[in-house]
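What the coordinates show
If you want the building blocks of each chain, they are given just below.
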Amino acid sequence: MIYLDYNASAPIDMRVLDKMVDVYKNDYGNADSRTHDYGEAARKIVDNSRQQVADLLGINKDEVFFTSGATESNNIVVQGLRKYGIESNKKHIITSAIEHKAILESVKSLEAYGFEIQVINPNKDGIVAAKSVIESVREDTLLVSIMHANNETGVIQPVKEIGDYLKNNNVLFHIDATQTCGKLVEEIKTLNYDMMSISAHKMQGPQGVGGLILKKKNYRLPPVTPLFFGGSQEHGIRPGTLPVALIAGFGKACEIAINEYRLNYAHCIDIKKKIINLLDDSGIEYVVNGTQDSCMPTTINISIPNVSSEALMLSTKQYCGISNGSACNSSSYKPSHVLSAMGLDFDIIESALRISWGHDTKTDELLYEFSRLIETAKSFLS
């Protein structure tokens, strides 16, 4: 059996786990304890990890704020701007129909406070056109939030073009980079944005920790207010005792990504080519959902017409651990909101499979197990 659901959560790198175990064993102090060396040691670990995250993203370490993950980071961005939006009378928010539910549901909640939410659909290739976003910007636009790469299709969005336009237009720009952090390393460094959300477990770090990047402009952070209170940790943006071992693991994952991302990218691209070749050679009819001209090397979304993805996954779960969409929706059995927004036919959506992998995926094992899935799909059609 092979695990092919890295976009939901990637297996932890053993070097990351080793780092965390060492911290749990030897550095169990509270990073905010000021009266003894245990607290100082923990504080140094957090500070070092903050620098490792900053080095990966090409930013200053005082722009890195630790959270429990991208879902919390997304909520801090959206909900944390509510007060500023009301006070400045900027209550127009632009996002896309293919965002993670942590964005879509959060922005929708602001309608109760008089905010207008403009949701832009992608084209059939899965791309949210930069022109559509730019042309929607108004005088009262507070925020634009567009993900870097979609978690279901892997399609990379034109956040570079959008960010370059918004840079000088007094509109806050947020990027959900959950699927690209540690993978599109050089590209992320070129982006213009005010806020960015990331999660450690999507880049083979630990679950339960992530980051909110708040870029300074004229030495000032974006006007985000905290969602809850109870301490001055993370400059009050995210109060609560810092999980030192998780943060150390996050930092280690960033350090590994800095050193190995080029080799990892090449290996993942090779895997994608071999998956497509396997599908082509099998003779089975399939459709790729989302353009491959602008797509993550770690993801492919395919449909096998007339084969229910739910039935196929249940029949092949002893071969492949795959999914048919975002993990946050996996229990609902509702059609993918991403593929629906792309305007795909219901039959294509119902048969869609998301396959995602990482640099540690063994190619031979993948091809063997995935070929068994294809044979099962063929049996459904006979």
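Summary of the structure given here. Here the structure is a predicted model, which means the values were calculated and not measured. All residue numbers refer to position in the chain's written sequence, counted from 1. The predicted nature of this model means local features are confined to residues of pLDDT at least 70 and side-chain atom pairs, given and counted, to a pLDDT of 80 or more, with totals for whole chains, interfaces and linings taken over all residues. By convention in this description, side-chain values take in all heavy atoms of the structure and omit both hydrogens and water.

What follows deals with a nonpolar patch on the surface. Two joining distances apply to patches: 9 Å for like charges and 5 Å for nonpolar side chains (Val, Leu, Ile, Met, Phe, Trp, Tyr), and every residue must have over 30% relative accessible area and no salt bridge. For the area figures, the Shrake-Rupley method with a 1.4 Å probe applies, and any residue is considered shielded solely by the protein chains shown. Each reported salt bridge corresponds to a side-chain nitrogen of Lys or Arg within 4 Å of a carboxyl oxygen of Asp or Glu. Nonpolar side chains collect at one region of the surface, where Met14, Leu17 and Val21 lie side by side and expose about 240 Å² of accessible area between them. Runs of E in the DSSP output that reach at least two residues are strands. Runs of H or I that reach at least four are helices, and both are numbered from the N terminus. Mapped onto the fold, Met14 is located in helix α1 (residues 14-26).

For two strands to count as paired, DSSP must find a minimum of two bridges between them. Taken in spatial order, the seven strands make up an open sheet running β2-β8-β7-β6-β5-β3-β4, and their pairing is mixed. The outermost strands of the open sheet, each flanked by one partner alone, are β2 (64-67) and β4 (116-120). Taken over all neighbouring pairs, the strand axes of this sheet differ in orientation by 20° on average, direction set aside. In the sheet, strand β3 (residues 92-96) pairs with β4 via five bridges, with the strands oriented parallel. Between N-to-C directions, angles cover 0 to 180 degrees, with each direction set by a line fitted to C-alpha atoms, over the stretch in contact for helices.

Sheets are built from strands that pair by backbone hydrogen bonding, the pairs being arranged parallel or antiparallel. Across the sheet, three strands lie side by side as β9-β10-β12; this open sheet has antiparallel pairing. For this open sheet the edge positions go to β9 (287-288) and β12 (352-356), each flanked by a neighbour on one side alone. Of the pairings in the sheet, the one linking β9 to strand β10 (residues 299-303) comprises two bridges and is antiparallel in character. Residue Val288 lies in a different strand from β10, and its bridge partner there is Ile302.

In terms of nonpolar packing, the biggest core is built from 63 residues, with Leu57, Val144, Phe173, Met196, Ile198 and Phe250 touching the most fellow members. The biggest single contributor to this core is helix α9 (residues 244-282), with 11 residues. Contacts between residues were defined by any pair of non-hydrogen atoms, one from each residue, lying within 4.5 Å. The contacts of Val144, once residues within four sequence positions are left out, are Ile94, Val133, Ile162, Leu166, Val171, Leu172, Phe173 and His174. Counting residues in hydrophobic clusters, the runner-up holds 25 residues, among them Ile2, Ile300, Ile304 and Phe370. Put simply, buried Ala, Val, Leu, Ile, Met, Phe, Trp, Tyr and Cys residues joined by side-chain atoms within 4.5 Å make one nonpolar core. Burial status follows relative accessibility: with a 1.4 Å probe on protein chains alone, a residue under 20% of its type maximum counts as buried, one over 50% as exposed, and anything between as partly exposed.

If you check the backbone angles, Asn218 has positive phi at about 55° while not being a glycine. By the element assignment, Asn218 lies in the loop between β8 (210-214) and α9. With a phi angle near 70°, Tyr219 is a residue other than glycine that sits in the positive phi range. Here Tyr219 lies in the loop between β8 and α9.

This part is about the pairing of strand β7 (residues 195-199). Within β7, five of the five residues are buried, leaving the element largely enclosed by the surrounding structure. With three bridges connecting them, strand β6 (residues 172-176) and β7 associate as parallel partners. Among the inter-strand pairings, His174 is bridged to a residue of β7, identified as Met195. Direction of pairing for β7 relative to β8: antiparallel, over a ladder of five bridges. Bridge pairing in β8 places Ile198 opposite Gly211.

A few words on the packing of aromatic side chains. Note on ring pairs: Phe, Tyr and Trp rings are taken, using the six-membered ring of Trp, and paired if centres are within 6.5 Å. Classes follow the plane angle, with under 30 degrees stacked, over 60 edge-to-face and the rest tilted. Counted by the stated rule, this structure contains three aromatic pairs. Relative to Phe250, the ring of Phe66 has its centre 6.2 Å away and its plane inclined at 65°; by these criteria the two rings are edge-to-face. Of this pair, Phe66 sits in strand β2 while Phe250 sits in helix α9, placing them 184 residues apart in sequence. For the pair formed by Phe66 and Phe250, the shared burial category is buried. A ring has a charge above it when a Lys NZ or an Arg CZ is no more than 6 Å from the ring centre and no more than 35 degrees off the ring normal. In this structure, Arg82 packs its charged tip against the face of Tyr113, placed 4.2 Å from the ring centre.

Fair warning: the whole summary comes from geometry, so function is off the table for now.
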